[in-house]
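One-letter residues, chain by chain:
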Amino acid sequence: MSQLDHIRNFSIIAHIDHGKSTLSDRFIQVCGGLSDREMQAQVLDSMDIERERGITIKAQSVTLDYTARNGETYQLNFIDTPGHVDFSYEVSRSLSACEGALLVVDAAQGVEAQSVANCYTAIEQGLEVRPVLNKMDLPQADPDRVAQEIEDIIGIDATEAVRCSAKSGLNIEDVLEDLVAHVPAPEGDPDAPLQALIIDSWFDSYLGVVSLVRVKNGEIRKGDKIRLKSTGRDHGVDGVGIFTPKRKETGRLGTGEVGYIVAGIKDIHGAPVGDTIVSAKHPDTAILPGFKKVKPQVYAGLFPVSSDDFESFRDALEKLSLNDASLFFEPENSDALGFGFRCGFLGMLHMEIIQERLEREYDLDLITTAPTVIYQVLTRKGDIIEVDNPSKLPDAGTIEEMREPICEANILVPEQYLGNVISLCIEKRGVQLDMQFTGSQVALKYELPLGEVVMDFFDRIKSASRGFASLDYSFVRFQEAPLVRLDVLVNGDRVDALAVIMHRDSVRRRGAILTEKMKELIPRQMFDVAIQAAMGNQVVARTTVKALRKNVTAKCYGGDVSRKKKLLQKQKEGKKRMKQIGNVEIPQEAFLAVLRVDD
Amino acid sequence: MRQLPPLSLYVHVPWCIRKCPYCDFNSHQADESLPEQDYISALLNDLDHDLPWVQGREIQSIFFGGGTPSLLSANAYQRLFVGLRNRLRFAPDIEITLEANPGTFEAEKFAAYRDIGINRLSIGIQSFQPEQLQKLGRVHDRAQAQTAILTAQRAGFDNINLDLMHGLPGQTVADAMADLELALSFQTTHLSWYQLTIEPNTEFYKRPPRLPEDDTLWDIQEAGLRRLQALGYDHYEISAFCRNGQQARHNVNYWQFGDYLGIGAGAHGKITLQDANVIIRTQKTRLPRDYLNPDKPFLAAQHSIEPDDIGLECLMNALRLKEGILVEQFEQRTGLSLDRVAAPIARAQALGLLNVDRALYATDKGQQYLNELLALFLTD
């Protein structure tokens, strides 16, 4: 049991690649949380996808005992946070369990926009932010410049920032010393009735729902009866403990501590993130401030290639949503693609990850339609409708006004790429709000249509700046815009799943590129396939996939048939990944062709 | 009891002077001297193991394929024939084909081949254009090609096939037609005119040559077909053309899902077993040195065709023929009732790819898109 003043709860704020995972691995090593044998690189990223992509998606925690140079042993609770812009809502959740945060900055690269945004969130939540300059082992490390940049851009004092290298192990203990010295101990009343915040919940097939909690007041013991404020239901606590990062049963969590509880809850909705846990004996204990409910930013239709897979697809989505409260889905019926689900995602990366997990972990073959943001429609009757599916856009005649979501984007870019990034913002219909020159980076503030930003802006801005520019954005409002729906017709039939909403001015250009892309993606068939892009009844672009003139294997002497058969099988496999629309076979990628019109 | 299909014999000769970059057959570069006599002994030994599969049938045709069968001497073949006749009953009108390379070294043997009973030659011309022959890695030149054909004709061969490719790297319609005209000028009875395809495990696959655009390929094909039709050639199979009804009987047996024994390194066989009521496919040991090693078995693989695959495997061959296959023959040779493939047949008919009356045969469209048609018969 730790005294309150010997507990430190902290997060790490860092941009992807700035070394957060390596640094946290070092902490675990220094504090002896895992033996060397168990130290698999980046232990905290436990999903395969996380390790493969080198990103963190879900928050996790680890409790470490650190014996400081003053001889005292401190309990350090480190709550890991995701680094990608799509998952920034998870960051604020993690931060609310902490009194401090380490701002880890690559001493060679400098500050990135998302770290700035997360840093502000941390400061707003009253956290002590301690800058750390990492990657000091790199020859191009320039700690003085980067320290200055931290002061200029974020406005916190970086003169004391520890200079370390997680990779080489340089000054790792200094980081922990700084943390113990400057991050405040948690406050709370150990004798008060229990009050704990659910930071995250996930579904474990053996244990049921496991919740990561921060105890604010009182304590939780195994066997206690607890009540969840949101559901009003009582549960007996079956297990309490910490992650070291292995799960370790302690039987108790005291005030100020961070750990897990298992309480026989079968359904993730029974322990929602942000909920308050109190003692069933004191059900009237006040609710803690929770979290803003996160809203999906991007919507797309996902359809099983084979209609037989619909039920297993539903099961898979339900299972995924157990661990991902931000995943939204509801049944959708498309004329072209049959039964599927309209899914809401936090961003494109989130969408890709979900799609990949569905295909990989649940062995589903899926067609994804072009992602879209939510548009608002003001009808002639004065109603406001939100549209998350272009094919559901009401008749043009009934629309008084179309509105698109606008976001405020903060971009940090090294000066030499400023021109490229500004051009990109202009191309995306951005309105500049601010531009600040600080150190060697420029801080840009733009208002941009969210629809332009969520699609490929992040990747485009990265390639326009050789990977150095960084981005953070948040929704601000809906705003009137001349939006239209671009339909795609295949051999005269409108394909609902291919419709996209876009700015009127770009209809012709994008229509032309889109039909060209579709032409590249749709294989030649036994007949001509006409592809048209239309706005209402007006065709704006047209291409034709000329008929295949023959498809026959030239020479085939009976001897060995297996190769010939393999060829046919390959051809058939290819067709399985295509969807038959009328009598035209359309490959999966064609449904996402609209994403590639800016390539 | 099930009636057995006709039986042919395939003999593989696995050596070439040089491997061609487009060739994915089992061929190996020949050393200075070939182990001719050892190989003949091995072939006969190999055949001895296969004799139970003959099941009383006559041999309708023999095909010596390669590799380059014309690398072996007439003497060697003579000894082989003695051994074959001791073991097998030859049909009175048996067709015996030998694949020959049109080099001088080979052409010198044609008369002797004829004398020992080989009655059909298949000459691998591929192209008459010097630069194409070079790209294709052929060891002969244009003059040798022409001499070889004339030599074969003078030796008394009245049933000669020429293998000719089109769709060659950089080829234009005019180039292809010039090659075709030259081949036709020899008035041979049979022509195998086929498009170059790049197969895995070939030099071309590793370093692909620049092939003509699809539209050019199709133009070549259409121009060639028009020309062959005008000259009265019977386009009886996708890539095979003949006159005077002189089809390649050995190949027709393959296409009609007949049986064949395969002997020699890497040879494939297909046998219907009457007692077990199954169809098996066999493959012999591929590498010549293993094939010649008395301690190693000849047979490398054998499997019976899954009942679900029999229909497809039959039609993959039969629908290449203009005439297709008689319904009765289909049922006899596959051991399946036509109902077994009723669903894909219906789909194929609906798509206008297949006709069904007394026979199953591809429509013109079905011939053109044969792979689409066959894919319908694939089971999952």
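Source: prediction; values computed, not measured. (Residues numbered from 1 in each chain as written. Chains lettered and ligands numbered in written order. Predicted model: local features only at pLDDT ≥ 70, side-chain atom pairs only at ≥ 80, totals over all residues. Heavy atoms only, no water.)

As a further point, take the overall build of chain A. When helices and strands are counted, chain A shows twelve helices and 33 strands. Here chain A, with 599 residues, has 58% of them falling under the buried criterion. Of the roughly 24,800 Å² of accessible surface on chain A, a fraction of 47% belongs to carbon and sulfur atoms. (Helix = DSSP H or I, 4+ residues; strand = E, 2+ residues; numbered from the N terminus. Buried < 20%, exposed > 50% of the residue type's maximum accessible area, 1.4 Å probe, protein only. Areas by Shrake-Rupley, 256 points an atom, 1.4 Å probe, with all protein chains shown as cover.)

A separate point is the overall build of chain B. Tallying secondary structure elements over chain B gives 16 helices and 17 strands in all. In chain B, buried positions account for 58% of the 380 residues. Contacts in chain B between residues far apart in sequence, at least 24 positions, make up 72% of those at least 6 positions apart. Per element, the accessible surface of chain B, about 15,800 Å² overall, is 48% carbon and sulfur. (Contact = heavy atoms within 4.5 Å.)

Before going further, it helps to examine empty space enclosed by the protein. All names here are of chain A. The full count for this structure, using the stated rule, is eight cavities of 30 Å³ or more. Approximately 340 Å³ is the volume attributed to the largest cavity. Lining the largest cavity are 27 residues, with Tyr375, Gly451, Met455, Ile501 and Arg510 positioned closest to its centre. Listing elements by their share of the lining of the largest cavity, those giving two or more residues are β23 (399-414), α10 (450-464) and β29 (500-503). Residue classes in the lining of the largest cavity are distributed as 16 nonpolar, four polar and seven charged. (1 Å grid on protein atoms, 1.4 Å probe; cavity = no way out; pocket = protein on both sides within 12 Å on 5 of 7 lines; lining within 4 Å. Points joined across faces, edges and corners; volume = space filled by probe spheres on them. Nonpolar A, V, L, I, M, F, W, Y, C, P; charged D, E, K, R; others polar.)

In this section: the environment of leucine 317 of chain A. Residues and elements named next belong to chain A. Mapping leucine 317 onto the fold places it in helix α7 (residues 310-323). Residue leucine 317 is classed as buried on the basis of its relative accessible area of 0%. Expressed as a C-alpha distance, the spacing of leucine 317 and phenylalanine 341, which sit 24 residues apart in the sequence, is 9.2 Å. Excluding residues within four positions of it along the chain, leucine 317 makes contact with Leu327, Phe329, Phe341, Cys343 and Leu358.

Residue and element names in this part refer to chain A. Summarising burial for strand β17 (residues 298-304): seven of the seven residues are buried, a large majority. Of the two faces of β17, the one lined by Val298, Ala300, Leu302 and Pro304 and the one lined by Tyr299, Gly301 and Phe303 are each fully buried. Note that β17 and strand β19 (residues 338-345) share five bridges and pair antiparallel. Pairing of tyrosine 299 across the sheet is with glycine 344, part of β19. Two elements, β17 and strand β20 (residues 366-368), share three bridges in a ladder whose sense is antiparallel. Within β20, the position partnered with phenylalanine 303 by the bridge is isoleucine 367. (Pairing = 2+ DSSP bridges.)

Attention now goes to the interface of chain A and chain B. At the junction of the two partners, chain A supplies 27 residues and chain B supplies 38 residues. Summed over both sides, the interface between chain A and chain B buries roughly 3,400 Å², with carbon and sulfur atoms accounting for 52% of that surface. Where chain A packs against chain B, one counts five salt bridges. Among the salt bridges present, the one from arginine 549 of chain A reaches aspartate 215 of chain B, with a minimum N-O distance of 3.5 Å. Where chain A touches chain B, the interface holds 14 residue pairs in polar contact (both at pLDDT 80 or more). (Buried area = accessible area lost by both parts, 1.4 Å probe. Salt bridge = Lys/Arg side-chain N within 4 Å of Asp/Glu carboxyl O. Polar contact = N/O pair within 3.5 Å; in protein donor to acceptor, adjacent residues only side chain to side chain.)

In protein structure, a disulfide is the covalent linkage between the sulfur atoms of two cysteines. Residue and element names in this part refer to chain A. Scanning the entire structure with this criterion turns up zero disulfides over all chains. Just so you know, cysteine 425 is unpaired, no disulfide at all, and the nearest cysteine sulfur is the one on cysteine 407, 10.0 Å from it. Here cysteine 425 falls in the buried class, since its relative accessible area comes to 0%. (Disulfide = S-S within 2.5 Å.)

This next bit is on the pairing of β19 of chain A. All names here are of chain A. With six of eight residues buried, β19 is to be regarded as a mostly interior element. With seven bridges connecting them, strand β18 (residues 328-334) and β19 associate as antiparallel partners. Counted as the bridge partner of serine 334 is glycine 338 from β19. Here β18 hands over to β19 after three residues, the two strands then running antiparallel side by side.

Below, the discussion takes up the pattern of salt bridges. For the structure shown, the criterion picks out 50 salt bridges over all chains. Ionic pairing is found between glutamate 452 of chain A and lysine 428 of chain A, a salt bridge with its closest N-O pair at 3.8 Å. A residue pair is termed long-range when its members are at least 10 positions apart, and glutamate 452 of chain A in helix α10 and lysine 428 of chain A in the loop between α9 (418-427) and β24 (431-438) qualify at 24 residues. In this structure, lysine 284 of chain B engages aspartate 50 of chain B in a salt bridge whose closest nitrogen and oxygen atoms are separated by 2.6 Å.

All names here are of chain B. It is the contact of helix α1 (residues 36-50) with helix α2 (residues 74-87), at a shortest axis distance of 10 Å, that shows an interaxial angle of 15°. It follows from the interaxial angle that α1 and α2 lie roughly parallel. The interaxial crossing formed by α1 with α2 has right-handed handedness. Judged by residue contacts, Glu36, Gln37, Ile40, Ser41, Leu43, Leu44, Leu47 and Asp48 of α1 engage Ala76, Arg79, Leu80, Gly83, Leu84 and Arg87 from α2. In terms of residue class, the contact of α1 with α2 is built from seven nonpolar, three polar and four charged. (Axes fitted to C-alpha atoms, helices over the stretch in contact; angles between N-to-C directions. Parallel < 35°, antiparallel > 145°, perpendicular 65-115°, else oblique. Left-handed = near helix turned anticlockwise from the far one by under 90°.)

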